[in-house]
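Below, each chain spelled out in residue letters.
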Amino acid sequence: PSPVPHPRRCGVQVAIPPSYHGHDLEHWPLHDTLTLGALADAVPLARAHLRQLLSGWGRAELSPDASVVVSELVTNAVAASRERRLAAAPVLVWLGSDSCCLLLAVADVSPQPPVRLNPGPDAEGGRGLALVEALSSRWGWHPASVIGLKKVVWAEWRLPVGAGRRPATGVPVGGRCHLAE
């Protein structure tokens, strides 16, 4: 994958996930990467970061659903790291947007693919990926190509067509959306 400058640390290069799921991520006009430790405060930090970015990008209306999704994906990444006894393992959160789509990707150290469960009505857990599926346009996963990370779980939201909104900065390459049909 091509590294992109991390907007918070000028000059530092952070690799972004490859385009296995139909996205050419290195050409997205809006994108940001946040690296967290697999610690208890990772979820609220990821949620606050996402809300701030969406507000800055003029997409605050997506915050309620995207906040639940980032919470679920980061929670799963932290739990997967703990299962491998790697409490300080990295969790990479990538958010990007163009005029057609918002993409959230979370990478972690576990090679185990995510499994969407169908828990009973009295179950106390196991609904996370069902929520991701319900609150996003589509979701999936692929092996990570970033050294030290094993998988990337992603969710995307299609943005309203013809709403006249453009990204806060940049224009989609070739005037097209980066979303694969």
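Residues numbered from 1 in each chain as written. Predicted model: local features only at pLDDT ≥ 70, side-chain atom pairs only at ≥ 80, totals over all residues. Heavy atoms only, no water.

**Q** Please explain the sheet that holds strand β3 (residues 30–37) as it appears in this structure.
**A** The strands that make up a sheet are held in pairs by hydrogen bonds between backbone atoms, and each pair lies either parallel or antiparallel. On the basis of which strands lie adjacent, the open sheet formed by five strands has the order β3-β4-β5-β7-β6 and antiparallel pairing. On the outer flanks of this sheet lie β3 and β6 (138–143), each paired with one strand and no other. On average, each strand axis in the sheet is inclined to that of its neighbour by 15°, with strand direction left out of account. Sheet analysis places strand β5 (residues 101–108) next to strand β7 (residues 151–158), joined by eight bridges and oriented antiparallel. When the bridges of β7 are listed, Ala105 appears paired with Trp154. (Pairing = 2+ DSSP bridges. Helix = DSSP H or I, 4+ residues; strand = E, 2+ residues; numbered from the N terminus. Axes fitted to C-alpha atoms, helices over the stretch in contact; angles between N-to-C directions.)

**Q** Just checking my understanding: could you explain the packing of helix α1 (residues 42–56) against helix α2 (residues 63–83) for this structure?
**A** Put simply, α1 and α2 touch, their axes get as near as 9 Å, and they point 150° apart. Looking at the two axes, α1 sits roughly antiparallel to α2. Judged by the sense of rotation from one axis to the other, the crossing of α1 with α2 is right-handed. Here Ala42, Val43, Ala46, Arg47, Leu50, Arg51 and Leu54 of α1 lie close against α2, whose contacting residues are Ser63, Ala66, Ser67, Val70, Ser71, Val74, Thr75 and Val78. In terms of residue class, the contact of α1 with α2 is built from nine nonpolar, four polar and two charged. (Parallel < 35°, antiparallel > 145°, perpendicular 65-115°, else oblique. Left-handed = near helix turned anticlockwise from the far one by under 90°. Contact = heavy atoms within 4.5 Å. Nonpolar A, V, L, I, M, F, W, Y, C, P; charged D, E, K, R; others polar.)

**Q** Help me understand α2 in this model?
**A** One turn of an α-helix holds 3.6 residues; hence residues three or four places apart share an orientation. Along its 21 residues, α2 runs 29 Å from first to last C-alpha, staying within 8% of the 30 Å computed at 1.5 Å per residue. Taken together, the buried positions of α2 are occupied by Ser63, Ala66, Ser67, Val69, Val70, Ser71, Leu73, Val74, Ala77, Val78, Ala80 and Ser81. Packed against the buried residues of α2 are α1, β4 (90–97), β5, α3 (128–135) and β7. One or two residues past the end of α2 sits Arg85, with phi positive at roughly 60°. (Expected span 1.5 Å × (residues − 1). Buried < 20%, exposed > 50% of the residue type's maximum accessible area, 1.4 Å probe, protein only.)

**Q** Which parts of the structure should I look at to understand α1?
**A** Along its 15 residues, α1 runs 21 Å from first to last C-alpha, staying within 8% of the 21 Å computed at 1.5 Å per residue. Tucked inside the fold, the buried residues of α1 contact β3, α2, β4 and β5.

**Q** Even after reading the chapter, I still don't get the pairing of β4, so can you show me in this structure?
**A** The two faces of a sheet get side chains in turn, since along a regular strand they alternate between them. Counting buried positions over the eight residues of β4 gives seven, a clear majority of the element. Alignment of β4 against β5, held across six bridges, turns out to be antiparallel. Each residue of the ladder has a partner; that of Trp94, found in β5, is Ala105.

**Q** Even after reading the chapter, I still don't get the confidence of the model for the protein, so can you show me in this structure?
**A** Detailed reading of the predicted model is not advised wherever pLDDT is low. Per-residue pLDDT for the protein has a mean of 78; in total, 73% of the residues score no lower than 70. Per-element confidence in the protein is highest for α1, whose mean pLDDT is 97, and lowest for strand β1 (residues 3–5), whose mean pLDDT is 33. In the model, residues 1–20 has pLDDT below 50 throughout and makes 43 contacts with residues more than four positions away in sequence or in other chains. The model gives residues 163–176 a pLDDT under 50, and that stretch makes 25 contacts with residues more than four places away or in other chains. (pLDDT = per-residue confidence, 0-100.)

**Q** Explain the environment of Leu159 here, please?
**A** With respect to the secondary-structure elements, Leu159 resides in the segment after β7. Along the backbone, Leu159 and Leu102 are 57 residues apart, and their C-alpha atoms lie at a distance of 7.1 Å. With residues near it in sequence (within four places) discarded, Leu159 still touches Arg59, Leu62, Ser97, Asp98, Ser99, Cys100, Cys101 and Leu102.

**Q** Explain the nonpolar core to me, please; I cannot follow it from the model alone.
**A** A general tendency of soluble globular proteins is for nonpolar side chains to be buried together. Of all hydrophobic cores here, the largest spans 31 residues; its most connected members are Val74, Val93 and Leu104. At the level of secondary structure, the elements contributing two or more residues to this core comprise β3, α1, α2, β4, β5, α3 and β7. Among the elements that make up this core, the one with the highest residue count is α2 (seven residues). Leu92, Leu103, Val109 and Leu149 belong to the second largest nonpolar core, which has 14 residues in total. (Core = buried A, V, L, I, M, F, W, Y, C linked by side-chain atoms within 4.5 Å.)

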